[in-house]
Amino acid sequence: MAATRGDVDVSQGKQPVRILVVDDDPTMREMIAGYLAEHNITAILANGGQEMARLLSTEPSLVILDLRLGQEDGLDLLREIRSLSG
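In this text, all values refer to a predicted model and were calculated from it rather than measured experimentally.

Engineer: For this particular structure, what's the right way to read helix H3 (residues 74-84)?
Structural biologist: Because an α-helix completes one turn every 3.6 residues, residues spaced three or four positions apart along the sequence face the same direction. The complete set of buried residues in H3 reads Gly 74, Leu 77 and Ile 81. For H3, the buried positions fall inside an angular range of 60° around the axis, keeping them on one side. Exposed side chains of H3 directed beyond 90 degrees from the buried face belong to Arg 79, Arg 82 and Ser 83. Residues of H3 that are buried sit in contact with helix H2 (49-55), strand S5 (62-65), strand S6 (68-69) and strand S7 (72-73). One side-chain oxygen at the N-terminal end of H3 lies 2.9 Å from the backbone nitrogen of Leu 75; it belongs to Asp 73.

Engineer: Just checking my understanding: could you explain the side chain of Arg 18 for this structure?
Structural biologist: Looking at where Arg 18 falls in the secondary structure, it is placed in strand S3 (residues 18-22). A polar contact is formed between the side chain of Arg 18 and the backbone oxygen of Glu 59, at a distance of 2.8 Å. The contacts of Arg 18, once residues within four sequence positions are left out, are Thr 42, Ile 44, Thr 58, Glu 59, Pro 60, Ser 61 and Leu 62.

Engineer: What exactly am I supposed to notice about the nonpolar core here?
Structural biologist: The nonpolar side chains of soluble globular proteins are, as a tendency, buried together. In this structure, Leu 20, Val 22, Ile 44, Ala 46, Met 52, Leu 55, Leu 56, Leu 65, Leu 69, Leu 77 and Ile 81 together form the largest nonpolar core, which totals 11 residues. For this core, the secondary structure elements donating two or more residues are S3, strand S4 (42-46), H2 and H3. Look past the residues within four positions of Ile 81 in its chain and what remains in contact with it is Met 52, Leu 56, Val 63 and Leu 65.

Engineer: Got a minute to help me understand the confidence of the model for the protein in this structure?
Structural biologist: Caution is warranted with low-pLDDT regions, since their predicted coordinates should not be read in detail. Here the protein averages 85 in pLDDT, while 83% of its residues score no lower than 70. Contacts of residues 1-6 to residues separated by more than four positions or lying in other chains number 11 contacts, the stretch itself having pLDDT below 50.

Engineer: Just checking my understanding: could you explain the pattern of salt bridges for this structure?
Structural biologist: Charged atoms that come close allow side chains of opposite charge to pair. This model, assessed by the stated rule, comprises 2 salt bridges. Measuring nitrogen to oxygen at the nearest pair gives 3.8 Å for the salt bridge that ties Glu 51 to Arg 54. Within this pair, Glu 51 and its partner Arg 54 are both found in helix H2, separated by 3 residues, close to a single helical turn. Ionic pairing is found between Asp 76 and Arg 79, a salt bridge with its closest N-O pair at 2.9 Å. Of this pair, Asp 76 and Arg 79 both sit in helix H3, 3 residues apart, which is roughly one turn of the helix.

Engineer: Could you clarify how one ought to interpret a nonpolar patch on the surface in this entry?
Structural biologist: A grouping of Leu 67, Leu 75 and Leu 78 is seen on the molecular surface, where their side chains present a nonpolar patch of about 240 Å² in accessible area. Note on placement: Leu 75 falls in helix H3. Judged by its relative accessible area of 38%, Leu 75 falls in the partly exposed class.

Criteria and thresholds
- Residues numbered from 1 in each chain as written.
- Predicted model: local features only at pLDDT ≥ 70, side-chain atom pairs only at ≥ 80, totals over all residues.
- Heavy atoms only, no water.
- Buried < 20%, exposed > 50% of the residue type's maximum accessible area, 1.4 Å probe, protein only.
- Helix = DSSP H or I, 4+ residues; strand = E, 2+ residues; numbered from the N terminus.
- Arc of directions from axis to C-beta.
- Contact = heavy atoms within 4.5 Å.
- Polar contact = N/O pair within 3.5 Å; in protein donor to acceptor, adjacent residues only side chain to side chain.
- Core = buried A, V, L, I, M, F, W, Y, C linked by side-chain atoms within 4.5 Å.
- pLDDT = per-residue confidence, 0-100.
- Salt bridge = Lys/Arg side-chain N within 4 Å of Asp/Glu carboxyl O.
- Patch = residues over 30% accessible without salt bridge, like charges linked within 9 Å, V, L, I, M, F, W, Y side chains within 5 Å.
- Areas by Shrake-Rupley, 256 points an atom, 1.4 Å probe, with all protein chains shown as cover.

What follows is the structure in structure tokens.
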């Protein structure tokens, strides 16, 4: 039987799921990270666009993005992600 992590197959050299959580509210980031950790999913945390841009190089499986990021517009950051994903 293949080793699994949550519902994700991690056998045969497949990389585990990593989710990038972008939110300016530290409580919300930690709440989401805690939930994901309970399900054996790695959360990568960013508090804004600059951190998000740096962490995108880790090639996350999914991005959870707050659309209201203080001074930044989450939709602009989404456009940036889409332009980088080709």
